[in-house]
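Listed below, chain by chain, are the residues.
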Amino acid sequence: MKLGRNEPCWCKSGKKYKACHLAFDERLEGLASEGKLIPTHEMIKNQEQIAGIREASKLNTEILDMVSEHVKEGISTGELNSLVHEYTLAHGAVPAPLGYENFPKSICTSIDDVVCHGIPDSKRILKSGDIINIDVTTILNGYYGDASRMYCIGEVTAEKRRLVQVAKECLDLGLAVVKPWGYLGDIGYAINSHAKKNGYSIVEDIGGHGVGLEFHEDPWVSHIGQPGTDIVLVPGMIFTIEPMVNMGDAEVWIDEEDGWTVYTEDGEPSAQWEYTVLVTEQGAEVLTR
Ligand code: MF3
Ligand code: CO
Ligand code: CO
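The paragraphs below set out a description of the structure included in this document. (Residues numbered from 1 in each chain as written. Chains lettered and ligands numbered in written order. Predicted model: local features only at pLDDT ≥ 70, side-chain atom pairs only at ≥ 80, totals over all residues. Heavy atoms only, no water.)

Once that is clear, we can look at the site of ligand 1. Surrounding ligand 1, one finds 14 residues, the nearest of these being Pro 97, His 209, His 216, Glu 242 and Glu 274. Measuring from an oxygen atom of ligand 1, one finds a side-chain N or O atom of Asp 146 at 3.1 Å. A distance of 2.9 Å separates an oxygen atom of ligand 1 from a polar side-chain atom of Glu 274. For ligand 1, the protein covers 97% of the area, taking 330 Å² as the surface of the free molecule. (Near = heavy atom within 4 Å. Polar contact = N/O pair within 3.5 Å; in protein donor to acceptor, adjacent residues only side chain to side chain. Areas by Shrake-Rupley, 256 points an atom, 1.4 Å probe, with all protein chains shown as cover.)

Let us look at the coordination of the cobalt ion (ligand 3). Around the cobalt ion (ligand 3), the protein supplies Asp 135 (OD), Asp 135 (OD), Asp 146 (OD) and Glu 274 (OE) as donor atoms, at distances of 2.0 to 2.4 Å. Considering all six donor atoms around the cobalt ion (ligand 3), the spread of angles at the metal, 58 to 165°, places the coordination shape in the irregular class. Each donor residue of the cobalt ion (ligand 3) belongs to the same chain, and together they define the spacing D-x10-D-x127-E. In this model, the cobalt ion (ligand 3) sits 3.3 Å from the cobalt ion (ligand 2), the two metals being bridged by Asp 146. Linking Asp 135 in strand 4 (residues 131-140) with Glu 274 in the loop between strand 13 (270-272) and strand 14 (275-279), this pair joins segments that are 139 residues apart in sequence. Each member of the pair, Asp 135 together with Glu 274, is buried. (Donors = N, O, S within 2.8 Å, 3.2 Å for Na, K, Ca; no water. Tetrahedral: all angles 85-135°; square planar, octahedral: opposite > 155°, others 65-115°. Helix = DSSP H or I, 4+ residues; strand = E, 2+ residues; numbered from the N terminus. Buried < 20%, exposed > 50% of the residue type's maximum accessible area, 1.4 Å probe, protein only.)

Protein coordination of the cobalt ion (ligand 2) is provided by Asp 146 (OD), His 209 (NE2), Glu 242 (OE) and Glu 274 (OE), with donor distances spanning 2.0 to 2.2 Å. In this structure, the cobalt ion (ligand 2) is coordinated by six donor atoms arranged in irregular fashion, with angles at the metal of 52 to 162°. Here the donor residues of the cobalt ion (ligand 2) share one chain and are spaced in sequence as D-x62-H-x32-E-x31-E. For His 209, a relative accessible area of 4% puts it in the buried group.

As a further point, take the packing of aromatic side chains. Counting across every chain of the model gives five aromatic pairs. Where Trp 253 meets Tyr 263, the ring centres are 4.7 Å apart and the plane angle is 15°; that geometry is what we call stacked. Here Tyr 263 lies in strand 12 (residues 262-264) and Trp 253 lies in strand 11 (residues 252-254), a separation of ten residues in the sequence. For Trp 253, a relative accessible area of 37% corresponds to the partly exposed category. Here Arg 289 stacks its cationic end above the ring of Tyr 275, 4.9 Å away from the centre of that ring. (Phe/Tyr/Trp six-rings, centres within 6.5 Å; stacked < 30°, edge-to-face > 60°. Lys NZ or Arg CZ within 6 Å of the ring centre and 35° of its normal.)

Running from N to C, helix 2 (residues 47-68) and helix 3 (residues 77-90) cross one another at 140°; their axes reach a closest spacing of 10 Å. If you check the angle between helix 2 and helix 3, you find them oblique. Seen along the crossing, helix 2 lies across helix 3 with a hand that is right-handed. Side by side, helix 2 and helix 3 meet where Leu 59, Glu 62, Ile 63, Met 66 and Val 67 of the first sit next to Leu 80, Leu 83, Val 84, Tyr 87 and Thr 88 of the second. Tallied by class, the residues present in the contact of helix 2 with helix 3 amount to eight nonpolar, one polar and one charged. (Axes fitted to C-alpha atoms, helices over the stretch in contact; angles between N-to-C directions. Parallel < 35°, antiparallel > 145°, perpendicular 65-115°, else oblique. Left-handed = near helix turned anticlockwise from the far one by under 90°. Contact = heavy atoms within 4.5 Å. Nonpolar A, V, L, I, M, F, W, Y, C, P; charged D, E, K, R; others polar.)

What follows is the structure, given as structure tokens:
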């Protein structure tokens, strides 16, 4: 069903279609007729939604900054979880992981060969030599922001420090190719190329995701991928980039007992960093890092 030029735009901006997304839709229809994949309206946020997601994301960054001060040898992942949980509630927000598909805690803590979705545990005390990812997702006024960072605890081997560093570079190189009228596949290609160049592999089974009104929305964001393929990127799209970089093989398995913890098949370490990213008219804006 086509919108009339003078009808209100589908994005709920309150503007007439002709003054809002009409030219934009015509450009997308042109690309679709060339066989390109184009985003659905659900993947494009309006100004009000972007403002809300920006606020949730800002708090998410503050929470990561807060917990970063405590990520040291001797603290347990359970204590890190409690710090985030309490701080989040004290700021009028809700930790998204808690109760999400039965996840039992408020953050994910993934150490060494845990790729992602590690469950905080008061008995798991951080020790010298660990590398840990802390993944925080915050819901504020119904809007979501999602990010994660890596930390090296005490004396970490040069090999593991390099893995952590290259994983960050992979994320930043993925971010660098995000631009309106580019392609989702450009991101994974940049990431995978850098990982391979460094002798590492990228996890294929788990990807980034649209985020903002829900925890996990379309599109699914591959961290491998080919340039000029997958969905066209347009202003207003918000998704995460969160490559999992393995020192060894890309294969992973999920713990059946807890239903969540993802491990590398070969037991080699893995590192991950995550940003929530908004596609803008000019390029990209990192909403939470
Ligand atoms: N924050 C993770 C992500 O980046 C998702 C964790 S799901 C949870 O997508 F239930 F484990 F929290
Ligand atoms: Co995410
Ligand atoms: Co996350």
